Amino acid sequence: MIAKAIDKINKESMKQEPLSFKIGDSVRVHVKIKEGDKERVQVFAGTVIASDGGKAATATFTVRRISFGVGVEKVFPVNSPFIEKVEVERSAKIRRAKLYYLRELTGKKARLRQA
Amino acid sequence: MEGLIGKKVGMTQVWDATGRQIAVTVLEVGPCPVIQVKTAAKDGYVAVQVGFGSQKPHRLTKSAVTRYTQAGVAPCRMLHEFKPDAGEAFAVGQAIDVGMFDGVKFVDVQGVTKGRGFAGVVRRYRMAGGPKTHGGHSKNRVGSIGARDLPGWVEKGKRMPGHMGSVSRTTQNLTVVQVRKEDNLLLVAGAIPGPVGGVVFVKKALKKG
């Protein structure tokens with residue numbers, strides 16, 4: 001059970017408009033990065049392979065991409081103010097909630113069926 | 001005022017000014033009505049006795065109920081004394097709220113840890129225990145508790161199985177993240193001792209300003 005007081009705090013720390021994407025989507029995550037005084041936006045493009053925490057304020061999602069032949073995964077907090085937006089490029093037809101099996105696959109086998 | 005009585009509501013996370021994630025403990029602190037003001041002249045020391053929470057009068061003795069009625073305060077579940085800061089004056093019946101932590105950067109939180117019951121040494125003192133594989137027969141056992149002939153007895157203070165938890169502990173120098181006066185809430189970074197709903201004493205940090 002979550003106390004009412006905590007519910008209220010969580011609501012404040014949640015985004016006004018929730019990000020919309022599904023597991024298996026090819027996404028471009030726009031992340032704000034601060035370097036000294038300057039702020040710039042970096043894009044992390046990849047496949048959403050997992051999302052944890054449902055609709056909670058603490059929810060996260062995992063994006064996987066192959067960068068220079070090396071698999072890279074990043075876990076983003078859904079409600080982080082650093083995340084500007086998430087663009088969905090492609091959706092896929094998937095049969096499970098966590099696509100961890102992609103970690104074992106490379107090349108053509110690591111593709112997902114288009115939705 | 002040195003501190004106030006509060007209650008652990010639970011834990012969650014907030015974003016700080018730079019957008020970083022901080023794990024916070026939410027504490028319901030105050031409002032604490034003043035029951036008695038102790039003075040050096042009358043009591044030999046200076047303190048302010050405050051209450052917290054509500055208590056049904058029939059659960060208290062008649063003399064205790066009278067104390068509350070004389071102070072003009074509803075019966076409280078918890079009573080505790082705190083030292084007032086120099087130059088501060090409090091009147092009986094006046095309620096002190098979480099606003100006193102405005103501008104305070106660090107606090108110490110004292111609570112009663114979760115009771116673990118009768119616990120073995122592996123859990124209680126993080127001893128290694130015996131081998132878990134290769135047919136180990138003593139995975140969670142104490143092992144040797146001393147030599148045989150010298151000194152010929154078990155040393156005093158030897159760590160052995162026994163009751164664990166349910167003791168008062170203080171976590172020091174917790175960063176105050178937010179003071180929410182409208183809800184009487186105090187958000188501190190990190191964990192504090194005790195279960196959700198446990199009563200805690202929140203004080204201004206002793207070692208850090």
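Focus on the overall build of chain A
Thought 1: A count of helices and strands for chain A gives one helix and seven strands.
Thought 2: Order of helices (α) and strands (β) in chain A, N terminus to C terminus: α-β-β-β-β-β-β-β.
Thought 3: In terms of its C-alpha atoms, chain A occupies a principal-axis envelope of roughly 50 × 40 × 20 Å.
Thought 4: Accessible surface for chain A amounts to roughly 7900 Å². Of this, 50% is attributable to carbon and sulfur atoms.
Thought 5: In chain A, 25 positive and 13 negative side-chain charges are present, and the distance between their average locations comes to 8 Å.

A look at the overall build of chain B
Thought 1: Check the secondary structure of chain B and you find three helices and 12 strands.
Thought 2: For 209 residues, the compact-globule estimate of 2.2 N^0.38 gives 17 Å, and chain B exceeds it by more than 25% at 23 Å.
Thought 3: On the principal axes, the C-alpha backbone points of chain B span a range of 65 × 50 × 35 Å.
Thought 4: In chain B, the proportion of contacts linking residues at least 24 apart, taken out of those at least 6 apart, comes to 70%.
Thought 5: Summed over all atoms, the accessible surface of chain B reaches about 12300 Å², with 52% contributed by carbon and sulfur.
Thought 6: Here chain B contributes 31 positive and 14 negative side-chain charges, whose respective centroids are spaced 12 Å apart.

Topic: the pattern of salt bridges
Thought 1: With the rule as written, the count across this model stands at 12 salt bridges over all chains.
Thought 2: Taking the shortest distance from any N to any O, the salt bridge between K8 of chain A and D183 of chain B comes out at 2.9 Å. Here K8 of chain A, found in helix 1 (residues 4-13), pairs with D183 of chain B, found in the loop between strand 10 (168-180) and strand 11 (185-189), and the two come from separate chains.
Thought 3: In this structure, a network of salt bridges that share partners links the residues K8 and E12 of chain A together with R180 and D183 of chain B.

A short note on a positive patch on the surface
Thought 1: A cluster of basic residues, K93, R95, R96 and R113 of chain A, forms a positive patch on the protein surface.
Thought 2: Mapping R113 of chain A onto the fold places it in strand 7 (residues 113-114).

Observations concerning unusual backbone geometry
Thought 1: The omega torsion across L150 of chain B and P151 of chain B is 10°, close enough to zero to call that bond cis.
Thought 2: Its place among the elements puts P151 of chain B in the loop between helix 3 (121-125) and strand 9 (162-164).
Thought 3: With a phi close to 50°, F68 of chain A is a non-glycine residue in the positive phi region.
Thought 4: Within the fold, F68 of chain A resides in the loop between strand 3 (60-67) and strand 4 (70-77).
Thought 5: The class for F68 of chain A is exposed, based on a relative accessible area of 85%.

Digging into the sheet that holds strand 2 (residues 38-52) of chain A
All names here are of chain A.
Thought 1: Strand order in the open sheet made by the five strands is 4-3-2-1-5, with antiparallel pairing throughout. With one partner strand each, in any of the chains shown, strand 4 and strand 5 (83-90) form the two edges of the open sheet. Strand-to-strand twist of the sheet, defined as the mean angle between neighbouring strand axes without regard to direction, takes the value 40°.
Thought 2: When strand 1 (residues 26-35) meets strand 5, the two strands line up antiparallel, connected through six bridges. Bridging across to strand 5, R28 finds its partner in E87.

Details of the environment of Q16 of chain A
Thought 1: As for its position among the elements, Q16 of chain A is in the loop between helix 1 and strand 1.
Thought 2: In the structure, Q16 of chain A is positioned 53 residues away from G69 of chain A in sequence and 37 Å away in space, judged by C-alpha atoms.

What to know about the domain arrangement of chain B
Thought 1: Here the domain parsing of chain B yields domain 1 (3-115 + 168-204) and domain 2 (116-164).
Thought 2: The C-alpha centroid of domain 2 of chain B is placed 39 Å from the C-alpha centroid of domain 1 of chain B.

Quick word on the sheet that holds strand 1 (residues 3-15) of chain B
All names here are of chain B.
Thought 1: Spatial strand order, 1-2-11-10-7-12: six strands in a closed barrel with antiparallel pairing. Along the sheet, successive strands turn relative to each other by an average axial angle of 50°, direction set aside.
Thought 2: Bridge count for strand 10 against strand 11 is four bridges, and the pairing is antiparallel. Bridge pairing in strand 11 links Q178 to L187.

Describing helix 1 of chain A
Thought 1: Taken together, the buried positions of helix 1 of chain A are occupied by I6, I9, N10 and S13 of chain A. Along the axis of helix 1 of chain A, the buried residues cluster in a sector spanning 100°; they form a single face. Exposed residues lying more than 90 degrees from the buried face of helix 1 of chain A are K4, K11 and E12 of chain A.
Thought 2: Check the buried side of helix 1 of chain A and you find it contacts strand 1, strand 2 (21-29), strand 10 and strand 11 of chain B.

Some details on the nonpolar core
Thought 1: Ranked by size, the top nonpolar core spans 27 residues in total, and within it L27, V50, F101, V107, L186 and V202 of chain B carry the most contacts.
Thought 2: Only strand 1, strand 2, strand 3 (32-38), strand 4 (47-52), strand 7 (106-112), strand 10, strand 11 and strand 12 (199-204) of chain B provide two or more residues apiece to this core.
Thought 3: Every residue in contact with L186 of chain B, bar those within four places of it in the chain, is listed here: T25, V26, L27, V29, V98, F101, V176, Q178, V179 and V202 of chain B.
Thought 4: With 17 residues, the next largest nonpolar core counts V31, F61, V78 and L99 of chain A among its residues.

Scoring rules and cut-offs
Residues numbered from 1 in each chain as written. Chains lettered and ligands numbered in written order. Predicted model: local features only at pLDDT ≥ 70, side-chain atom pairs only at ≥ 80, totals over all residues. Heavy atoms only, no water. Helix = DSSP H or I, 4+ residues; strand = E, 2+ residues; numbered from the N terminus. Areas by Shrake-Rupley, 256 points an atom, 1.4 Å probe, with all protein chains shown as cover. Lys, Arg positive; Asp, Glu negative; His and termini not counted. Charge placed at Lys NZ, Arg CZ, Asp CG, Glu CD. Rg over C-alpha atoms; globule rule 2.2 N^0.38 Å. Contact = heavy atoms within 4.5 Å. Salt bridge = Lys/Arg side-chain N within 4 Å of Asp/Glu carboxyl O. Patch = residues over 30% accessible without salt bridge, like charges linked within 9 Å, V, L, I, M, F, W, Y side chains within 5 Å. Buried < 20%, exposed > 50% of the residue type's maximum accessible area, 1.4 Å probe, protein only. Pairing = 2+ DSSP bridges. Axes fitted to C-alpha atoms, helices over the stretch in contact; angles between N-to-C directions. Domains from an automatic or database assignment. Arc of directions from axis to C-beta. Core = buried A, V, L, I, M, F, W, Y, C linked by side-chain atoms within 4.5 Å.

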